[in-house]
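Next come the chains, spelled out residue by residue.
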Amino acid sequence: MIQKRIVQWALMAIAVPVAAAGARRLSRTIEARRGPSGVSRLLTKGADRLRPQKAKRHAFW
């Protein structure tokens, strides 16, 4: 039971961000070569759903 939770945590902590970064990089590569297309927009949307870009942090003071 604990091993199952560890595997789930590892999947969420490692695999999902790597997949989002890969999709985002592939989207940028496609746009650089061929311009914006439906495929590149779909890859960007998928990456945003997996891992949205974090907003910049502001200081408290």
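Notes on the structure in this doc start here. Bear in mind the structure is a predicted one, so any value in this text is a computation, not a measurement. (Residues numbered from 1 in each chain as written. Predicted model: local features only at pLDDT ≥ 70, side-chain atom pairs only at ≥ 80, totals over all residues. Heavy atoms only, no water.)

**Overview of the overall build of the chain**
A count of helices and strands for the chain gives two helices and zero strands. For the chain, the exposed surface amounts to about 5,900 Å²; the carbon and sulfur share of it is 63%. (Helix = DSSP H or I, 4+ residues; strand = E, 2+ residues; numbered from the N terminus. Areas by Shrake-Rupley, 256 points an atom, 1.4 Å probe, with all protein chains shown as cover.)

**Topic: the pattern of salt bridges**
This structure, assessed with the given rule, holds one salt bridge. We note a salt bridge from D48 to R24, for which the minimum N-O separation is 2.9 Å. Residue D48 is located in helix 2 (residues 38-50), and its partner R24 is located in helix 1 (residues 2-34); the two are separated by 24 residues in the primary sequence. (Salt bridge = Lys/Arg side-chain N within 4 Å of Asp/Glu carboxyl O.)

**Remarks on the side chain of S27**
Along the chain, the position of S27 falls in helix 1. Among the residues examined, S27 registers a relative accessible area of 1% and is labelled buried. A polar contact is formed between the side chain of S27 and the side chain of T44, at a distance of 2.7 Å. Beyond its immediate sequence surroundings of up to four residues, S27 is in contact with S40, L43 and T44. (Buried < 20%, exposed > 50% of the residue type's maximum accessible area, 1.4 Å probe, protein only. Polar contact = N/O pair within 3.5 Å; in protein donor to acceptor, adjacent residues only side chain to side chain. Contact = heavy atoms within 4.5 Å.)

**Thoughts on the side chain of S40**
Along the chain, the position of S40 falls in helix 2. Apart from residues no more than four positions distant in its own chain, S40 is found in contact with S27, I30, E31 and G35.

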